[in-house]
Amino acid sequence: MVSNKVESTAAITFLACFVPFAGNSFTDTELMQWLSQKEKSLILIVSDGMPYSQKSIPIVSQQAQERNLPLIILSDRTGAEQKKRGDCVVSSNVLIENGALRHFPSLFAVKDHQLLPEVIPGIQTPQELRAHLTEFYGDH
Amino acid sequence: MAIINHPLIALGIGILHGCAIGSCASAPPQSSGFPPVPPQPRYCKTPIDPIVRHFSPPVKPKYFFKPVGNQNEIAFVGEAPGTQEDQNFLLNTITGQITPIPGRLDPIGLFNTDLLSVPIDDDNGGTKMSFYDLRQLRAKGLATPPLYQSDESLMGRYQSLGTLRCVKNRVRFRIITDGNEGGNFRDFEVNFDAFPAKLRPLHPTRLLCSNLRDPKTHFMNHKLPMLSKNGQQVAFYDLAARLMKVYQIHPQTGNCTLLATPFPSRGDIGKFDFSPDSSQAAFHYSDRNLDLNVQTFGRPAVQWQLRSAVFDFKKQAYQLLPFFGKGANTYYPAFLDQQHILTLQLTDDQLEFIEVDLSRLPYFAKTQIENLVHLTNEEFAPFQALSDRFTEQCYLDTLRSTRANRILGLLALDETQCLELAHDSSRSHPELFEVYASTCKKLQRKN
């Protein structure tokens, strides 16, 4: 079962679904709001239907924490279970048109308030993810 | 669970051991269980129902599955009854028998053999790629020991297998996995004359596509690897190019050469499943964003759906797989044999498998679909009118509600049929006939 309730830490804002979002849908409006607020961040798309999604959450969370990157986790659809849990569901055309539904999990990176074009599909090992984040953001 | 009469029942499941490449018995055409179409105008080309059968599994599956054994079985991760914990299962799609099997992730078979590979969690938080004899799994289930467990060099993740050589019951095969270094491969031989089968590695694990790696990091910016069933090609999603690409693998070095006719689509498409002869690939895609366009498969700002298609590399043409009902998503279409595809459909919270007979589906040249993409809204209006009439006259209720199914049917008409439809559609407004006739010509334009 995928849970997008990631615990907050003092340094990082881990968000399940932004509270102000209507209907737990992360649309283009919410994306624009997110991008305007966060200079750098990560957006992880997960699915109940793909077991590696759950395994990817601690890997991405750990590295987001190391780099002080806000992370938001979105689910792939609005099923009964997702509604019950209050999952934030990816409904942003921009994210979808950039490959949010190709595979689960998928990871988007934000830099300078812009989505980077290289969405990363599939689970990454910590080493792989570190290499990608270094490529995006440089060493930290 | 649908139980369907099938000649293989008489033969028994589990008769397959090793070399049966290309000899997989295909399911005969069967009714999909929907009511027959009433008498129709001549332009209602039949058969229009390519769905051979559909069935719900007895446990809730995750999205990813693969046909295994003699291809009348599927292996998948599902929710164990009672606990809702992830558990691998083997399902006989003919008899409905379901067997829990080892592992909680990605059980993947070697096409048309009794070999299954499963990543198994080890004590160190990693996974070990493990191989099983399906003959044992069918009888012993969870108690089945692995034939072989690879060491850590073969990362236990995102594996796919292909047959390199097959002599009687001895099969030489290749497995590729994703991993820290962006992909490895290793070749094995399995001998099904023994019971349980004997499996031995032919060489240590090697890097896949060394020539595509970043010289500094040694990582490969290619994801979602999938090996063809002959073990000679590999498909990847290229992060930088944002394209799915197909490469030829050098048999000894594992270096990869981009094929002259890579998959041409820029769209948002998922992991490939190659056909048994590797001439086609099946995949799901987001219908909001593909060269198969928004006009055909949905309007902007309408909820996205995942659809499935097959692309023929030689014909450079698509076959678009059907689905039921509004709001349906389809996942991971997989070849049962050269002619039949199984895909998982999710509608609301209902999951079912759908088998499609590709011989009943028309081909759409890539260029033909592109012609539709470039229609203006004004040009598209008569197309829509024809589609509405066609749907009203020709389609079953169960298919009528979906825009994509209508358009697919319309594309399949030849010009004569389309002109008959144009005539029928313009009965109350004869002045529109020329417009509709002109639309028919546009539909037929393939280049």
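Residues numbered from 1 in each chain as written. Chains lettered and ligands numbered in written order. Predicted model: local features only at pLDDT ≥ 70, side-chain atom pairs only at ≥ 80, totals over all residues.

Helix and strand counts for chain A come out as five helices and eight strands. Put simply, chain A has 140 residues, and 47% of those count as buried. In chain A, 67% of the contacts between residues at least 6 apart in sequence involve partners at least 24 apart. (Helix = DSSP H or I, 4+ residues; strand = E, 2+ residues; numbered from the N terminus. Buried ≥ 20, exposed ≤ 12 C-beta atoms within 10 Å, placed from the backbone. Contact = placed C-beta atoms within 7 Å.)

Attention now goes to the overall build of chain B. Counting its regular elements, chain B contains nine helices and 26 strands. Per-residue burial for chain B yields a buried fraction of 49% across its 447 residues. Expressed as a percentage of contacts within chain B between residues at least 6 apart in sequence, the contacts between residues at least 24 apart total 52%.

On the chain A side, the residues contacting the 30 residues of chain B number 21 residues. Listed by contribution, the elements that provide at least two residues to the side of chain B that touches chain A are β2 (61-68) and β15 (222-227) of chain B. Looking at the side of chain B that touches chain A element by element, the count peaks at three residues for β2(B). Class assignment for the residues of the side of chain B that touches chain A results in 13 nonpolar, seven polar and ten charged. (Nonpolar A, V, L, I, M, F, W, Y, C, P; charged D, E, K, R; others polar.)

Judged by nonpolar contacts, the single largest core of 118 residues is most densely connected at Leu42(A), Leu44(A), Leu74(A), Val234(B) and Ile341(B). With five residues, strand β3 (residues 41-46) of chain A is the single largest residue contributor to this core. When near neighbours in sequence (up to four residues on either side) are disregarded, Leu44(A) contacts Ser56(A), Val60(A), Leu71(A), Ile73(A), Pro105(A) and Leu107(A). Tyr43(B), Phe390(B), Leu413(B) and Ala422(B) belong to the second largest nonpolar core, which has eleven residues in total. (Core = buried A, V, L, I, M, F, W, Y, C linked by C-beta atoms within 7 Å.)

Bringing the sheet that holds strand β7 (residues 115-121) of chain B into the picture now. Residues and elements named next belong to chain B. In spatial order, the strands read β6-β7-β8-β9; together these four strands make up an open sheet with antiparallel pairing. Each edge of the open sheet is held by one strand with a lone partner, namely β6 (108-109) and β9 (148-149). Here β6 runs beside β7; their pairing, made up of two bridges, is antiparallel. Opposite glycine 109, over in β7, you have leucine 116 as the bridge partner. (Pairing = 2+ DSSP bridges.)

In this section: helix α5 (residues 126-137) of chain A. An ideal rise of 1.5 Å per residue puts 16 Å on twelve residues; α5(A) measures up with 16 Å between its terminal C-alpha atoms. With its phi angle positive at about 80°, Gly138(A) sits one or two positions after the end of α5(A). (Expected span 1.5 Å × (residues − 1).)

So, on to helix α1 (residues 28-37) of chain A. Residues and elements named next belong to chain A. Inspection of α1 places Glu30, Leu31 and Trp34 among the buried residues, and these make up the whole buried set. Projected down its long axis, α1 shows its buried positions confined to an angular sector of 100°, all on one face. Its buried side turned inward, α1 meets β2 (25-26), β3, β4 (71-75) and α4 (93-97). (Arc of directions from axis to C-beta.)

All names here are of chain B. Burial within strand β4 (residues 86-92) is extensive, with five of its seven residues counted as buried. Looking at chain direction, strand β3 (residues 73-79) and β4 are connected through seven bridges and run antiparallel. Each bridged residue has a counterpart across the sheet, and for glycine 78 the counterpart in β4 is glutamine 87. Where β3 hands over to β4, the hairpin turn is made up of six residues, of which glycine 82 adopts a positive phi near 90°. In this sheet, strand β5 (residues 98-101) lies alongside β4 in antiparallel orientation, the contact comprising four bridges. In the strand pairing of β5, phenylalanine 89 is matched with proline 100. Linking β4 to β5, which pair antiparallel, is a turn of five residues; within it glycine 96 sits at a positive phi near 85°.

What follows covers the confidence of the model for chain A. All names here are of chain A. Looking at chain A as a whole, its pLDDT mean stands at 81, while 82% of the residues score no less than 70. Element-level mean pLDDT values for chain A span from 44 in strand β1 (residues 14-15) up to 97 in strand β6 (residues 106-111). Residue range residues 1-16 is modelled with pLDDT below 50. Its contacts to residues more than four positions away, or to other chains, number 38 contacts. (pLDDT = per-residue confidence, 0-100.)

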